Amino acid sequence: MPHFHQSHPKEPLDQRQRMLETPIDRLILSLAVPTIISMLVTSIYNMADTYFVSQLNTSASGAVGVVFSLMAIIQAVGFTVGMGTGSIASRLLGQDRGREADVYASSGVITALIVGVAMAALGMGFRPELMWLLGSTSTIYPYALDYAFYIILGAPVMILSFTLNNLLRWQGKANLSVFGLATGGILNIILDPIFIYGLNMGISGAGAATLLSQCVSLLILTSFFLRKKSQLRVSLACISRSPGTYLAIFKQGMPSFFRQGVLSASTMALNYNAKLYGDAAVAALSIVTKVFMVIQSIVIGFGQGFQPVLGYNYGAKRLDRVKEAVRFSVRTCTVILTVGAVLGFVLAPHIITLFRRDDAMVIAIGTRAFRYQCFTLPLGAVLVFANMFFQSLGKSWRAVILAICRQGLYIPIVYLMTHQFGLAGLELTQASADLLAFTLSAAVMLHYFKTEFGKE
């Protein structure tokens, strides 16, 4: 594990004042804009893989969607460790208990490394079986096998990057975290066509470009700790030997695990049902998923900007600022998503055509699924922020329930809708799941505000 030698810097007073006294709208925007950029770049370079690979053929495009389930599992572990560690550290910093925060930061990093290596070893050992399990068809399978090799190999790198990124972000140092991830993302976009076409590596080139880019991101994020840009100290000497420390990290990060883990399971269920209608259906729904990830990354990035504000202010007992942060964030992002929904509905066929211009079936299926999801897109602000709110406050079980709600509902709905309505039901599944999940999330959120924060 990397050993970052540094003396523990006392948190500057102006940083603490900034988190507890700066007007909420200005503070959240200052933290959210860098994280939105980071999430957009990450989503765009994931979509870039889909775009460049889709130019090869429909089966290769479907392979990216199949392997996405595997990537979601890796990301789930990275977010579990990173969000769990960062959430606890943020509240400790808000309480001016920096030494204890160091213990969690150091313990989180070593956990990320160990778990990442273990996942890579297991993934390599069972790679062929995994590709069938994730929903490959016989024609998609060889492409998925090649692409997954590099994704599995990069598991330790990806998980460590997510952990270090969250440690920076939860301190309110969003600019540093976005620089690390965005640099790797931009590099990935540049390397994709070079490796796929220039070096004639095909879909393997997309995987290799992703792995190399992630390594660059990890080196940049590590350098911030080495150069003492972090308030948190990461060192072998600070690693906890208490099982309670690791249990606390996983408990706080569990909402992220369920959110991402259930996403993986729901994608597998989608692929299983889509392959009944051929590679075109798998490819079309994979493209829709990747494009909506870009749209939703704005809200997730905004939420990652407002989470440190919640953590600091909740730790400092500033509940008035916590309430204001939630109201401002939900209102702002609902407006953004409504605009995105209108534009997306109008431009849907043109967007799908960019990926598979020569496959009319992919365009038709993708356009219908895209437009259905646009109807429920404005509900996404409540879906995302309700989960992040409870996670930031350390209310793990509420956060876990809401985390699994959206995609957890998706799994039975996709089988039911496909069985009852065929391909049309498959295309309507995500919108149906979003509507049900919104109802539950809004009810839980309103109940908590009324009972814990008073009626407003």
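Heads up: these notes are all about the structure in this document. (Residues numbered from 1 in each chain as written. Predicted model: local features only at pLDDT ≥ 70, side-chain atom pairs only at ≥ 80, totals over all residues. Heavy atoms only, no water.)

Turning our eyes to something else, we now look at helix α9 (residues 203-226). The end-to-end C-alpha distance of α9 is 35 Å, a good match for the 34 Å that 24 residues give at a rise of 1.5 Å each. Burial runs high along α9: 19 of the 24 residues are buried. Just beyond α9, the residue with positive phi is K228, at close to 60°. (Helix = DSSP H or I, 4+ residues; strand = E, 2+ residues; numbered from the N terminus. Expected span 1.5 Å × (residues − 1). Buried < 20%, exposed > 50% of the residue type's maximum accessible area, 1.4 Å probe, protein only.)

Bringing the environment of Y272 into the picture now. The topology assignment puts Y272 in helix α10 (residues 243-274). Remark: the alpha-carbon pair of Y272 and Y415, spanning 143 residues in sequence, is separated by 9.4 Å. Setting aside its immediate chain neighbours within four residues, Y272 contacts W132, L133, G135 and Y415. A distance of 3.4 Å separates a polar side-chain atom of Y272 from the backbone oxygen of W132. (Contact = heavy atoms within 4.5 Å. Polar contact = N/O pair within 3.5 Å; in protein donor to acceptor, adjacent residues only side chain to side chain.)

Okay, the side chain of T50 next. The topology assignment puts T50 in helix α2 (residues 24-54). Here the side chain of T50 touches K290 through a polar contact of 3.1 Å, side chain to side chain.

So, on to empty space enclosed by the protein. Evaluation of the coordinates by the stated rule reveals 5 cavities of 30 Å³ or more. Each pocket or cavity is described by its volume, and for the second largest cavity that value is around 180 Å³. Lining the second largest cavity are 15 residues, and of these Y45, M158, F162, L181 and Q214 lie nearest its centre. Elements with a contribution of two residues or more to the lining of the second largest cavity: α2, α3 (58-94), α7 (155-169), α8 (174-198) and α9. (1 Å grid on protein atoms, 1.4 Å probe; cavity = no way out; pocket = protein on both sides within 12 Å on 5 of 7 lines; lining within 4 Å. Points joined across faces, edges and corners; volume = space filled by probe spheres on them.)

The next thing to look at is the side chain of T58. Along the polypeptide, T58 turns up in helix α3. By relative accessible area, which is 11% here, T58 ends up buried. Among the polar contacts made by the side chain of T58, one reaches the side chain of D359 at a distance of 2.8 Å. Apart from residues no more than four positions distant in its own chain, T58 is found in contact with D279, A280, A283, R356, D359 and V362.

Right, let's get into the state of the cysteines. This structure, assessed with the given rule, holds 0 disulfides. Considering cysteine sulfurs only, C333 is the nearest to C374, which forms no disulfide, with 17 Å between them. For C374, a relative accessible area of 5% puts it in the buried group. (Disulfide = S-S within 2.5 Å.)

This brings us to the layout of surface pockets. Reported here for the second largest pocket is a volume of approximately 250 Å³. In terms of lining, the second largest pocket is formed by 14 residues, of which the most central are V291, V294, I295, I351 and F370. For the lining of the second largest pocket, the element with the highest residue contribution is helix α12 (residues 319-355), accounting for 8 residues. Residue composition of the lining of the second largest pocket, grouped by class: 12 nonpolar, 2 polar and no charged. (Nonpolar A, V, L, I, M, F, W, Y, C, P; charged D, E, K, R; others polar.)

Turning to the pattern of salt bridges, a few remarks are in order. All chains considered together, the criterion is met by 2 salt bridges. In this structure, D320 engages R318 in a salt bridge whose closest nitrogen and oxygen atoms are separated by 3.3 Å. The salt bridge partner of R368 is E427, with a shortest N-O separation of 3.0 Å. Here E427 lies in helix α16 (residues 423-452) and R368 lies in helix α13 (residues 360-376), a separation of 59 residues in the sequence. (Salt bridge = Lys/Arg side-chain N within 4 Å of Asp/Glu carboxyl O.)

A few words now on the packing of aromatic side chains. Geometrically, a pair of aromatic rings is defined through the distance of the ring centres and the angle of the planes. For the coordinates displayed, the defined rule picks out 14 aromatic pairs. Seen in terms of ring centroids, Y51 and F52 are 5.3 Å apart; in terms of plane orientation they differ by 75°. Their pairing is edge-to-face. Clustering of aromatic rings is evident, with ring pairs tying together F389, F390, Y448 and F449. (Phe/Tyr/Trp six-rings, centres within 6.5 Å; stacked < 30°, edge-to-face > 60°.)

Bear in mind that shape data such as this cannot, by itself, settle questions of function.
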